[in-house]
Amino acid sequence: MRLASWGLAAGSALAMLATMSLFAPTAAAKADGDFIVTAAPVYRPLAELRGAERFPKGAQLLLVRDGKAEPLVAGFADSADASVSFDGKRVLFAGKKAAADPWQIYELTLANGSVRKVMETQSDAERPLYLPGGRMVWAQRTQDGFQLQSAEDGHPPKVPFLNPTAGPGVLPLTPMRANAFPAEVIADGRILFESGFPLGEGRMPELYLVYADGSGVEAYRCDHGRARWGGSQLASGDLIFTHGSTLARFTSALAHETPVAAPRAEYAGGIAETASGQWLLSARKAGEAHYQIDQWKPGAASLQTVLKERGEDLVQPTLTAARVPPRRFPSDLHPWNYANLLALDSRLSLAGNLKQAPAAVRLETQDANGHVEVNGTAPVAPDGSFYVSVPPDRPIRFLLLDQKGEVIRREHGWFWVRAGEQRACVGCHTGPALSPENRVPEILQRSTTPFDLTGTSLHAAVQHGSPGGTSR
Amino acid sequence: MSLRSLHGRRIDSVWIATLSVLVAGLCGMRLWRPGTVGAATNSGSSQILNYASPEEMLFTRDGSRLYVLCQSGEVRVFNGATYASIATIPVGHQPRGFSLSPDESRLFVVNSWDDTLSVIDTHALKVTATWHVGMEPSSVVDDSADKYLYVANRISNDVAVLNAATGAEVKRLAAGRGASYITLAPNGKRLYVTHVYPNPTPWRTPPESEVTVIDARTAEVVGHIPLPSAAGVFHVAFTSDSRLGVVAEMHPKNLLPVTQVESGWVFENTLTLFGPAVGNKTVEVPLDDLENFAVRPFGVAITPDGSRLYVSCGGSEAVVAIDLPRLLRYVRAHRGPIVYDLAAGAHYVVKRIPAGHDAHGVAVSPDGRRLLVANRLDDTISVIDTRSNNVVSTIGLAGSKQMWSLQFGLQMFAGMTNAAPGQRRCKSCHIDEHHRNAKRMKLSTIKQIQALRRGEQAFYSGHYAFHGAMGCVNCHIDSTFDAMQWDFEPDGLARNIVDNMLLEGIRDAAPYDWSGVNPNLPTQGGPRTEKFIWRSQNYDVRTLADVCAYINSLPERPNRWRLPGGNLTPAQERGKAIFERTVDDFGKPIPLTNRCNYCHSGPLGTDHKKFDVGTKGPGDDSGLFVTPLLTNIALTAPYLHNGRAASLEEIWTIYNPQDRHGRTNDLAKDELNDLIEYLKTR
């Protein structure tokens, strides 16, 4: 895999556009702003999470300007997954020059129609999104499934990504044996992505968050059990996503989803919020075969058709207008070959609090073939705290043990920590709504050196904190 | 150009160097005084340019008049219905609190940096008396019988009881550390006193605060309402029947390693409810939710009908509107602690109303229909309709006419500068006055003043932290310190615990951080803060320069232990001799490097170098620490790099067994006391 040269451009796409008329769908009502959609004869929104093709009969991006739709780019057998830059000037998208090609990432400059190939990979690269600070994230097909990866997007200004493991090259973000697809870069700079629940092994679509350096992975909310995918963030900060085939919402005030009282229809994927607060969404009403693009004013009784094309699913509406960039995330990974994790009170869990502290915690990992390995056990203090060093960038999970060594609680799924990550959690699956108590964990009163669960002999390097001078 | 980076690596830091130049340029003059900006004119005479900086507000009982206390040293008087200006009454330096006498004929204002109380005749609208009070008076309340005035003194941690007629002090009542805000319950029976710094607790245990309860009739302390884990406690409000009290406070998590910010990991912002309405117990409830924080709750107001509770949150530039009956139902129905559940607010918070920079004091109109919020760093007051919870108007409080003119003149001047040759940008001669004002002051000076204001706004804002969770001022309360110790993450968990430092006078105190690793403020407040504190995109270059300029401009507050004229008491004189001595009590020479004034040299009491004075603890990577400033050291307990010494005495009686922190073990107790008396004058 290599990054393509930034100057690579496909040239006079505008001229080619003028000659093309493969698509000429018309808009039924004018949308509140220009937008891009993906048109496909068949769209299977969750197919890729399950290892299948979501556009089995191809797809093409359309630009809908002043109510009129036209192909966004020319010279592509397939194109999809448009992501508009924060300044509204460029569009990242996934494209195939020939139908047999793998999906690759390209970038269109809207002002002159020039297209450049952003990167060259041997396998599919899809669903690109711009990240703040001159970076981008996408889903890359690997031997373990689609994984999130990140790299510089090739445009100034480049903000130094102070991360020893991330340079101008490709940074893998989701080291696990499962599919993951980016859905949105939310305002706080984190990447919202879709994967199965339990993470790393389950098939129920769920929404997760990860920082731009791959650290801090967690579920957006912990009221699991519903198929959730396709999240988009509103200006208010609320997240709108597809729940089953209806819409639902995460709001800052609640630890669980709430339904969106949208008109009855089957919705597909994320929405786009216009400047006036209306939503562009992909929906198909009962009895209809294909998704169309509708506009909805939240609270209104009906959807207003914006774009409909016979025989085509119209999905992935994306506004072309400039928008406020998300906050850039300053990576703080240490130059270590391990990671440290602190649990404040492993007794606490949404699954029900344990009455007594576990005696020990066991760490399991997966080897390269996905086989489960036990890396060791570490003591748990009477207040439920433990502090361990773990192997980075691979699936891990914790199991709590009683005095007899019996498993009394097992973590759902797998997660990972990045090399050099040092992170803490309130309990074991307590969710983001539980704020920690202000006390020194007992385990840190015993020792400030983490218990070595790296499973390697390299733990001589594990000394409370980073080697060399540091700044607080 | 490279500097040593945050992980001991090297990073390109041209921009830091650029910032340093910017900051140095901005700080060519020490301009800032809280609420006021002094500047020299080109004529050489000194004048003070004021931002109004409204802090607190009072309505008269009939709502006809609105008093606004401005940090600029003024009380602005407005028509309570139309907000038309009636008068501006100059008071003392850094006024912080005020209240009306029961008959509303007198308005009492405490001037925190003058240690005085101004008595204003509300008919004549002028100051009729100025009384000397305690150290840094921060609020004043007249009892309902007009017998006593109660004044909270921040530095002496007490409440002075004054004769309301004469100002003569009757007695002092102990209160919490940094006693600052007093509220008289509507039934007139009791006063409730909060404090901004936590009370001393054993090292590495949660901070504790309290509300001191005073019987208004007898002027006796009758109780303490504990606020466990709170630090930074501000206003109290009551329902009109006095059955419910509400305290605005911060709930820091300083005992946890600062590995992340989300989910209230570093700070929560809370209310504590007390009184019969909640079963005469205390209940702490969060104001934050999962991704939105209500940073630094300060002012609290309850509508007369008890339907709404409003809390100003300066760092979030917002007012949190709470449905009070719903809150009470939730609290009564809920078993177990609520404070750690960030989803609890969904049961009672009805709206977060945008306000201005450092939304500060609040006041509800007597009819309950309007809530006023003083936006201290915007010089505005937001008027909120309590039925719709929307801001319906904004009252502008420009600083003095002069400042307003200068700002206007600056804009015009800039406009003219950019005009094409022969093109006249100024429409008419009625702005000539502004031009003249602008010309009288150098443009660069005006820009400096504005930069400091922007820096102060950023310093007080929670905008830059992840999820807007906190600002600089969370730990540097009112631009000072917080009396707590923190565990920053990069050097390990529960390692290298550091005591927070007072900011005043640090302009010339580089290098920064106890380890001295940060050579200048832009490094300390730039990438270091972004990565390990905010954990989110930091200031842009200009804002960082402004913040550093603001911090650099902070002056030292008056030292209350110095005698007028700089004279020393006999004890202080003896202590000074010990501080400067060269031989010990046994006549043995003290090595040069073990004399007090070797490391604690110069006007700031520091040589800016690192020494190992034997205070390295088991969690410290090194025993080398930069000599700290002695500025106003009497105020800043606890001491040493990690805050282990609860008092100045403990530095030498407990933590200097080998005489490595100066030769002190030869000193008699009286001599040590003298030394400390002298140190307090620094």
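Counting starts from 1 at the beginning of each chain's written sequence and moves along it residue by residue. Following the order in which they are written, the chains are lettered starting with A and the ligands numbered starting with 1. At least 70 in pLDDT is required for a residue's local features to be given in this predicted model, at least 80 for side-chain atom pairs to be given and counted, and no such filter applies to totals for whole chains, interfaces and linings, which use all residues.

Visitor: Break down the overall build of chain B for me, with residues and values.
Guide: When helices and strands are counted, chain B shows 13 helices and 38 strands. Out of the 682 residues belonging to chain B, those deemed buried represent 56%. Contacts here follow a simple rule: the backbone-placed C-beta atoms of the two residues must lie within 7 Å. Here the contacts in chain B between residues at least 6 apart in sequence split such that 54% fall between residues at least 24 apart. Each helix is a run of DSSP H or I of at least 4 residues and each strand a run of E of at least 2, with the numbering of both proceeding from the N terminus. Burial in this document is a count-based property: other C-beta atoms within 10 Å of a residue's C-beta are tallied, and the residue is buried at 20 or more, exposed at 12 or fewer, or partly exposed in between, with C-beta positions derived from the backbone.

Visitor: For helix α10 (residues 570-580) of chain B, give the residues involved together with the corresponding values.
Guide: Residues and elements named next belong to chain B. Looking at α10, one finds that the buried residues are Q572, G575, K576, I578 and F579. Down the axis of α10, the smallest arc covering the buried residues is 160°, so these residues share one side. Along α10, exposed side chains directed more than 90 degrees from the buried face belong to P570 and E580. Each element contacted by the buried residues of α10 is listed here: α11 (596-599) and α13 (669-679). The reported arc concerns the directions from the helix axis to the C-beta atoms and nothing else.

Visitor: With reference to specific residues and values, describe the pairing of strand β12 (residues 135-142) of chain A.
Guide: Residue and element names in this part refer to chain A. When you tally the buried positions in β12, you get six out of eight residues, the bulk of the element. Where strand β11 (residues 125-131) lies against β12, five bridges are found, and the strand directions are antiparallel. The residue of β12 that forms the bridge with L131 is R135. Linking two consecutive strands that pair antiparallel, namely β11 and β12, is a turn of three residues; a positive phi of about 85° is found at G133 within it. Any two strands with at least two DSSP bridges between them are considered paired. Across eight bridges, the pairing between β12 and strand β13 (residues 145-152) is antiparallel. Looking at the pairing, W138 lines up with Q149 of β13. Between β12 and β13, which pair antiparallel one after the other, the connecting turn spans two residues.

Visitor: Lay out the domain arrangement of chain A with the relevant residues and their values.
Guide: Residues and elements named next belong to chain A. Domain extents, as shown, originate in an automatic or database domain assignment. Looking at chain A, the domain boundaries give domain 1 (2-319) and domain 2 (339-461). Across the boundary between the two partners, domain 1 contributes 18 residues, which contact 21 residues of domain 2. In this classification, Asp, Glu, Lys and Arg are treated as charged, Ala, Val, Leu, Ile, Met, Phe, Trp, Tyr, Cys and Pro as nonpolar, and every other residue, Gly included, as polar. Class assignment of the residues belonging to the side of domain 1 that touches domain 2 gives a composition of nine nonpolar, six polar and three charged.

Visitor: Could you give an account of the domain arrangement of chain B, naming the residues involved and the relevant values?
Guide: Partitioning chain B into domains gives domain 1 (2-47 + 402-469 + 501-553), domain 2 (99-367) and domain 3 (564-679). Computed from C-alpha coordinates alone, the two centres of domain 2 of chain B and domain 3 of chain B are separated by 37 Å.

Visitor: If you had to explain the interface of chain B and chain A to someone new, which residues and values would you point to?
Guide: Much of the literature gives interface size as the accessible area that the parts lose upon coming together. Chain B puts 55 residues into the contact, and the matching count from chain A is 40 residues. When residues of the side of chain B that touches chain A are assigned to their parent elements, the largest contribution, four residues, is made by helix α8 (residues 527-534) of chain B.

Visitor: Before we move on, can you summarise the packing of α10(B) against α13(B) with the specific residues and values?
Guide: Residue and element names in this part refer to chain B. Note on method: axes are straight lines fitted to C-alpha atoms, helices fitted across the in-contact stretch only, with angles between N-to-C directions ranging 0 to 180 degrees. Remark: α10 packs on α13, axes separated minimally by 7 Å, with the N-to-C direction vectors making an angle of 95°. Taken as axis vectors, α10 and α13 run roughly perpendicular relative to one another. Residue-level contacts link A571, Q572, R574, G575, K576, I578 and F579 of α10 to E671, D674, L675, I676, E677, Y678 and L679 of α13. Residues of the contact of α10 with α13, tallied by class, amount to seven nonpolar, two polar and five charged. Any angle from 65 to 115 degrees is called roughly perpendicular, while one under 35 is roughly parallel, one over 145 is roughly antiparallel, and all others are oblique.

Visitor: Any details on the nonpolar core? Residues and values, ideally.
Guide: Counting 282 residues, the largest nonpolar core has V68(B), V75(B), Y150(B), V151(B), V159(B), V311(B) and V319(B) as its most contacted members. Ignoring anything within four residues of it in the chain, the contact list for V75(B) reads Y67(B), V68(B), L69(B), I89(B), V91(B), F98(B), L107(B), V109(B) and I120(B). To count as a nonpolar core, a set of buried Ala, Val, Leu, Ile, Met, Phe, Trp, Tyr and Cys residues must be joined through C-beta atoms within 7 Å.

Visitor: Go over unusual backbone geometry, please, and point to the residues and values.
Guide: Backbone torsion omega between A510(B) and P511(B) reads 5°, so that peptide bond is classified as cis. Here P511(B) shows up in the loop between β36 (498-499) and α7 (521-525). A cis geometry characterises the amide bond from A637(B) onward to P638(B), with omega recorded as 0°. Within the fold, P638(B) resides in the loop between β38 (624-626) and α12 (648-653). A positive phi is found at R127(A), a non-glycine position, where the angle reads about 50°. Take R127(A): it is sitting in strand β11.

Visitor: Account for the sheet that holds strand β15 (residues 148-153) of chain B, naming residues and giving values.
Guide: All names here are of chain B. The strand order across the open sheet built from four strands is β14-β15-β16-β17, with neighbouring strands paired in antiparallel fashion. Whereas interior strands pair on both sides, the edge strands pair on one side only; in this sheet they are β14 (137-142) and β17 (169-174). Here the strands of the sheet are splayed against their neighbours by 20° on average, with no regard to which way each runs. Bridge analysis of strand β16 (residues 158-163) against β17 gives five bridges, and the strand direction is antiparallel. Bridging from a neighbouring strand, V161 pairs with K171 of β17.

Visitor: Account for the sheet that holds strand β34 (residues 390-396) of chain B, naming residues and giving values.
Guide: Residue and element names in this part refer to chain B. Strands sit in the order β31-β32-β33-β34 across an open sheet of four strands; the sheet is antiparallel. The open sheet has two edge strands, β31 (359-364) and β34, and neither has a second partner. Pairwise comparison of adjacent strand axes, ignoring direction, gives a mean angle of 25° for this sheet. Bridging between β31 and strand β32 (residues 370-375) involves four bridges; their strand directions are antiparallel.

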